[in-house]
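Here is how the chains run, residue by residue.
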Amino acid sequence: MRQEHENDRSANVEIGQSSRGRRSWVWWVGGVFLLLAVAAGVVVEYVVHHAEPIVRRRVIASFEQRFNSPVELDALHISVFKGLQVTGEGLRILRIAGPERPDAQEKSMGGAGGAAPMLSVKSFEFHAGVRELFEPTMRVAVVRVSGLDLNIPPKGERGQLLHHDTAKKQPKFSIVLDEIVVSNMTLTVETNKPGKMPLVFPIRNVTLHDVGRDKAFPFEAWLVNAKPVGDIHSTGRFGPWVDDEPRDTPISGGYSFTHADLGPIKGVAGILSSTGSYAGTLGEIGVVGTTDTPDFSLDTAVHAVHLKTAFDATVDGTSGDTILNHVHATFLNTELEASGKIVRAGGRHDTREGVTDVSGHFIDIAVTSDHARMEDILELAAKTKPAVMRGATTLRARVQIPPGKVSVSKKVRVQGTFAIRDAMFNNAKWQDTVDKLSVRASGKLKETESAPADRVASEMGGTFALADGVVAIPKLHYQMPGAEVNLAGKYSLDGKAMDFSGTVKTAATASQMLKGWKSLVAKPFDPLLRKDGAGLEVPITVHGTEDAPKLGLDMGKLGAEIFSRHKKEPAAEGHD
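Residues numbered from 1 in each chain as written. Predicted model: local features only at pLDDT ≥ 70, side-chain atom pairs only at ≥ 80, totals over all residues. Heavy atoms only, no water.

Tallying secondary structure elements over the chain gives eight helices and 26 strands in all. In the chain, which comprises 576 residues, the share counted as buried stands at 39%. Partitioning the intrachain contacts of the chain with sequence separation of at least 6 by distance along the chain shows that 55% fall at a separation of at least 24. Per element, the accessible surface of the chain, about 32,000 Å² overall, is 59% carbon and sulfur. (Helix = DSSP H or I, 4+ residues; strand = E, 2+ residues; numbered from the N terminus. Buried < 20%, exposed > 50% of the residue type's maximum accessible area, 1.4 Å probe, protein only. Contact = heavy atoms within 4.5 Å. Areas by Shrake-Rupley, 256 points an atom, 1.4 Å probe, with all protein chains shown as cover.)

Helix length check: helix α5 (residues 428-441), at 14 residues, gives a terminal C-alpha distance of 20 Å against a target of 20 Å (1.5 Å per residue), a fit within 8%. Those residues of α5 lying buried are W430, Q431, V434, D435, S438, V439 and A441. For α5, the secondary structure elements touched by its buried residues are β20 (413-425), β21 (458-467), β22 (470-480), β23 (483-492), β24 (498-506) and β26 (549-553). Among the residues of α5, the N-terminal cap falls to N427, whose side-chain oxygen and the backbone nitrogen of K429 are separated by 2.9 Å. (Expected span 1.5 Å × (residues − 1). Polar contact = N/O pair within 3.5 Å; in protein donor to acceptor, adjacent residues only side chain to side chain.)

Right, let's talk about the pattern of salt bridges for a bit. Within the structure shown, the criterion is met by nine salt bridges. Between R398 and D364 there is a salt bridge; the shortest N-O distance is 2.7 Å. You can see R398 sitting in strand β19 (residues 389-401) and its partner D364 sitting in strand β18 (residues 361-373), a full 34 residues away along the chain. D468 serves as the salt-bridge partner of R413, at 3.5 Å between the closest nitrogen and oxygen. Of the two residues, R413 sits in strand β20 while D468 sits in the loop between β21 and β22, which places them 55 residues apart along the sequence. Linked by salt bridges that have partners in common, E72, D74 and R92 make up one network. (Salt bridge = Lys/Arg side-chain N within 4 Å of Asp/Glu carboxyl O.)

Tracing the backbone shows D376 in helix α3 (residues 374-381). R373 is the oppositely charged side chain nearest to the buried, salt-bridge-free D376, at an N-O distance of 5.7 Å. When residues no more than four places from it in sequence are discounted, the contact partners of D376 are F331, L332, N333 and T334. (Lys, Arg positive; Asp, Glu negative; His and termini not counted.)

Right, let's get into a nonpolar patch on the surface. There is a patch of nonpolar side chains on the surface, built from W517, V521 and F525 and spanning about 360 Å² of accessible area. With respect to the element layout, V521 can be found in helix α6 (residues 516-522). According to the relative accessible area criterion, V521 is partly exposed, its value standing at 47%. (Patch = residues over 30% accessible without salt bridge, like charges linked within 9 Å, V, L, I, M, F, W, Y side chains within 5 Å.)

In this section: the environment of K383. Topologically, K383 is positioned in the loop between α3 and β19. Ignoring anything within four residues of it in the chain, the contact list for K383 reads D299, T300, A301, V302, H303, L493 and D494.

A few words now on the packing of aromatic side chains. With the rule as written, the count across this model stands at four aromatic pairs. In textbook terms, an aromatic cluster arises when at least three aromatic residues are bridged by ring pairs, as seen for F425, W430 and Y478. (Phe/Tyr/Trp six-rings, centres within 6.5 Å; stacked < 30°, edge-to-face > 60°.)

This part covers the pairing of strand β15 (residues 334-344). As judged from the eight bridges shared by strand β14 (residues 322-331) and β15, these two strands associate in the antiparallel manner. Within β15, the position partnered with F331 by the bridge is T334. Counting the residues that bridge the hairpin from β14 to β15 gives two residues, and of these L332 lies at a positive phi of roughly 50 degrees. Here β15 pairs with β18 via nine bridges, running antiparallel. Bridging across to β18, K341 finds its partner in D364. (Pairing = 2+ DSSP bridges.)

With an omega of 0 degrees, the peptide bond running from G239 to P240 counts as cis. Notably, N184 is not glycine yet its phi reads approximately 60 degrees, a positive angle. Tracing the chain through its elements places N184 in strand β5 (residues 174-189). One non-glycine residue with positive phi stands out, namely D468, at about 55 degrees.

What follows concerns the side chain of T188. By the secondary structure assignment, T188 is in strand β5. On the basis of relative accessibility, which here comes to 12%, the residue T188 falls in the buried class.

On to the confidence of the model for the chain. Within the chain, residue pLDDT values average 76, and 71% of them lie at 70 or more. Contacts from residues 97-113, a stretch scored under 50 in pLDDT, to residues over four places away or in other chains number 30 contacts. A low-confidence stretch, residues 348-357 (pLDDT under 50), is modelled with 14 contacts involving residues beyond four sequence positions or located in other chains. (pLDDT = per-residue confidence, 0-100.)

Side chains of K436, R440, K515 and K518 sit close together on the surface and give a patch of like positive charge. On the secondary structure map, R440 appears in helix α5. (Charge placed at Lys NZ, Arg CZ, Asp CG, Glu CD.)

Here we take up the environment of F126. Secondary-structure assignment places F126 in strand β3 (residues 119-128). Through-space distance from the C-alpha of F126 to that of V143 is 4.7 Å; in sequence the pair is 17 residues apart. Once you skip the residues sitting within four places of it in the chain, F126 turns out to touch V55, L84, Q85, V86, M138, V140, V142 and V143.

What follows covers the environment of G280. Along the chain, G280 turns up in strand β11 (residues 271-281). The residues contacting G280, other than those within four sequence positions of it, are T249, P250 and I251.

So this is what it looks like as structure tokens:
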């Protein structure tokens, strides 16, 4: 029994010693981990404490060297838990110095009287390895920027946009950027020309790849166009930047312009899409592309047509001015060729009401066509449907649209000439009048006694001018079998008013155009109504509306002409 007690006591002692040994080992291991954690915390604190000023200096030094300008940075934050994570706010770069602005570096960017920053960034962030922090060149794969405003000064004040002075000592530490992703960017190209407003480009997103000073770099951009409202996606290559003359900086690429709502352009409607490519320099970009608008319409008609164009243009990327070298447009069965210019006309102008800002463009285009249809043109431009007239048409015109907030149909100005072949009126009353007049004018009245008159195709041509929704036609020549009509007057595109006057010359005499006793009564008047080889020449008027036209003789003018001819004939006989 005693022996068993001694054995139990010995076992308890061994167990206690073993338990104390395990607790001691746990405390040692825990202590080591605690020391490592403290050491890690000290290291992290040291890295963070020293990394922020290092990175801050590198960011500022890189921009100051590249832009030759003082730089401000409001805040910079660093996290090292997942590599080196850097975020910053309030980055500002003053206007570029250069020889024309020797005092630029002395001005405060934040002061009330200082120069506005050339470049300002709301926030940015990038990620890099901790080891790269202590290398001379820190390479950053992607920098993400939000809220960037870039203001390009006028030529005489911009100096060098990307400064590069090989004689100047380069910074000891620098940052190399492989890719820059920018969201919510605004590019403003300022001007010192009187009456001109700055050129502003809102850019939703842009990505710059393999960014460098002395080489071209790829880019991808998404823009929201202001007018017409639509999305633009473009990819291409830009650079290298030309300091002495930025307009000579190369650029090339392709674009797509989708869901462009023409509605904000007063007087025009439709959804446009466009694709194309471009190449050249900022000051002279050659653009080749196409547009497609399935539902294009003007407010003078509100008749939608499918409009397609193929164009070749030259664009000044620093002003927005565009030269249309050639445009081929098609709608319905009509083809148009055009060339001209679209010049930015924004600026401040003195008016009777005071100084006002006028934005927009001045459009000046020459239009020609040898393959047009008059019914297509009237379908697009006039409210009446069906169109008043149909026929093959040739056209030569100059179209001018000044800037302003009024409807396009109210401010457009068109002057030109036209010719219509095989013209016929869609209005049955009008065509019946023409058919009957042709029969009478040809002296074939008896041939139509047993059958209705055949439909007559006519020829028409003249000059015209469109303004304020009204077409003025100072010279209209209308030729039909047996008759020739010369008119001058006006016609509203809504079809609600027309007023023409002129003369009708016929091959037949007055008596040949009548039957029965009316022909006998008219016989004595044939000599008085003859003129310049025509069997009959009488003044006429055309007025009323498209739905209710009224064609008649101008009796007052006719009587005066007869009296005048009667007086001249005896005098002429006495002289002989």
